[in-house]
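Residues per chain, in single letters:
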Amino acid sequence: MSLKLSNFLVYNDIIIQCHDNPDADALASGMAMHWYLTKMGKEPRFVYSGRNPIHKSNLVLMRDMLNIPVEYITELDRHEIIIYVDCQKGESNVTDFEADNYAVIDHHQVMNQLPPLSEVRSRYGSCATLMFELIREEGLNPNESEKLATALFYGLMTDTTGFTELQHPADKDLRDSVNYNRADIILFKNSNISREELRIAGDALKHASYDDNGTYAIVEAEPCDPNILGIISDMVLEVDTIRTCVVYSILNYGVKLSVRSCVKEVKASELAAYIAQGYGGGGGHIVKAGGFLQKDLLAKDNLEYEKKAVKQFMIDKMEEYFRSTEIIYAGEEPFDVSEYKRYIKKDVVVGYVVAKELAEPGTRVTIRTLEGDIDVSIDEDTYIVIGVDGEIYPVKKSKFESNYTLCDDAYEYPGDYAPVLFNMGNGERIEILSMARSCVANGGVGIYAKKLDHRVKVFTTWDREKYYLGVPGDYQAVREDDLTDTYIIAGTIFYKTYEERK
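Report on the accompanying structure. (Residues numbered from 1 in each chain as written. Predicted model: local features only at pLDDT ≥ 70, side-chain atom pairs only at ≥ 80, totals over all residues. Heavy atoms only, no water.)

**Details of the overall build of the chain**
And then number 1: Across its full length, the chain holds 13 helices and 29 strands.
And then number 2: Taken against the 2.2 N^0.38 rule, which gives 23 Å for 502 residues, the C-alpha radius of gyration of the chain at 25 Å falls within 12% of a compact globule.
And then number 3: Its C-alpha atoms give the chain principal-axis dimensions of roughly 70 × 55 × 40 Å.
And then number 4: Taking the contacts inside the chain whose residues are at least 6 apart along the sequence as the reference set, 64% of them involve residues at least 24 apart.
And then number 5: For the chain, the exposed area adds up to about 23200 Å²; of that, 48% sits on carbon and sulfur atoms. (Helix = DSSP H or I, 4+ residues; strand = E, 2+ residues; numbered from the N terminus. Rg over C-alpha atoms; globule rule 2.2 N^0.38 Å. Contact = heavy atoms within 4.5 Å. Areas by Shrake-Rupley, 256 points an atom, 1.4 Å probe, with all protein chains shown as cover.)

**What about the pairing of strand 2 (residues 45-48)?**
Put simply, side chains in a regular strand alternate between the two faces of the sheet.
And then number 1: Of the strand pairs in this sheet, strand 1 (residues 14-17) and strand 2 are connected by three bridges, and their pairing is parallel. Bridge pairing in strand 2 links Gln-17 to Val-47.
And then number 2: Running through helix 1 (residues 24-39), the crossover from strand 1 to the neighbouring parallel element strand 2 is right-handed.
And then number 3: Pairing of strand 2 with strand 3 (residues 70-72) involves three bridges; the strand directions are parallel. By the bridge assignment for strand 3, Phe-46 is matched with Val-70. (Pairing = 2+ DSSP bridges. Right-handed = clockwise from strand over helix to strand, strands pointing away.)

**Observations regarding a nonpolar patch on the surface**
And then number 1: Together, Ile-193, Leu-198, Ile-231 and Met-235 give the surface a local cluster of nonpolar side chains, amounting to about 370 Å² of exposed area.
And then number 2: Its location among the elements puts Ile-231 in helix 8 (residues 226-236). (Patch = residues over 30% accessible without salt bridge, like charges linked within 9 Å, V, L, I, M, F, W, Y side chains within 5 Å. Salt bridge = Lys/Arg side-chain N within 4 Å of Asp/Glu carboxyl O.)

**Quick word on the sheet that holds strand 15 (residues 348-354)**
And then number 1: With antiparallel pairing, five strands are arranged side by side in an open sheet as 19-18-15-23-20. Here the strands that pair on one side only, and so sit at the sheet edges, are strand 19 (392-396) and strand 20 (404-406). Taking each pair of neighbouring strands and ignoring which way they run, the sheet shows an average axis angle of 40°.
And then number 2: Sheet topology note: the strand 20/strand 23 (residues 437-441) ladder contains three bridges and is antiparallel. Bridging across to strand 23, Leu-406 finds its partner in Cys-439. (Axes fitted to C-alpha atoms, helices over the stretch in contact; angles between N-to-C directions.)

Right, here's the structure in full:
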């Protein structure tokens, strides 16, 4: 059972604490917790500690203009409960104070044993997103306060490097749902770089490392705000021989990454996730992304945390990425399937929605899923199929009727995030599952398939601009009736939907 904010209402002597040297996300998250508890009749204090109080110009503006009730402290008496937001007790950037009880609301990787009152969603891009959801789960609307809405929006924006690292649909829901003050955001954004940070950018560019064969660059910058890394990586990508780049900064508690790509063969989001795999997290957009490597996780793998070792780590990761990945362009030549096995689709129950019941024909919509956003133009004959793992794919009525049979079973959604449709015409947000019904996927055309033992990027016949990534354990499939048509099937769903043909 997930933690609810109402769990904290049994306490009266409440401290909300964020990490030392708080960033915009920490301030927004603490403000949201303070707003909720105050609305419920409590009198909490929101505090932070560390060597120095907030001094960065955009954060000072944010604190003062949005009336964030945060206090800088160096000492604290024992209290009934401390609620940590955007951090966890015991981390190196969190000053330790005593309390009878502790709680954690965070979006980072779990590093130590959590107290019973905890909610950590590590796939979220910001703690502001988690607070936004927890407040809404209590039946409240953060848009009741424009200042709170603005803080949450800015917290997410800065923690995802200007939304370039958005990955989870919950982050996109926050971005698209809050009624923020646009003028305030513009002011905060344009108070974001100091003369010192301009010097940091210049020094980083001066000492960039280039790989002419791989057409990529690796750049180290001094500790700085994540947005500065984005500025540096944007500039590096302007170089005529550079197609991808990674700019990183070694901080006290981990390594922050900014990743860029200008070629379709490399998605920045996928490269960021590859570098950070096992050490933190990474994601974002096709051309802009970011990530974070946690110091403690690097140490667990016996990796030295010093400049030379971190740079070699980046070099090894980039070389490994480009060396170990096969790129396939479907539709060009027939595939040799002599080492593939033949399979046929099982009769499995899935879900479907008649799209015109959600939006008028001719409407452009975005379907938000855990795997990403899907843009669709609704036609009279558009159907939306919901697969065995909750994956979404639109099909035409003729294809639906030839591959699926309607059934009377009540539809039960199997995924973790219920897909949502956004009407791009009027901005309406529609819960797809409210219209979902059950159907059975028929056997249909057979395929040849083989299990992958390496990374493969496939540009399919239906999308030649974005590749589908297969990793060891996934399957590469080739249509039996068209040996030039190949695609990737996730290993987690392959045997749920296919069986070997005898």
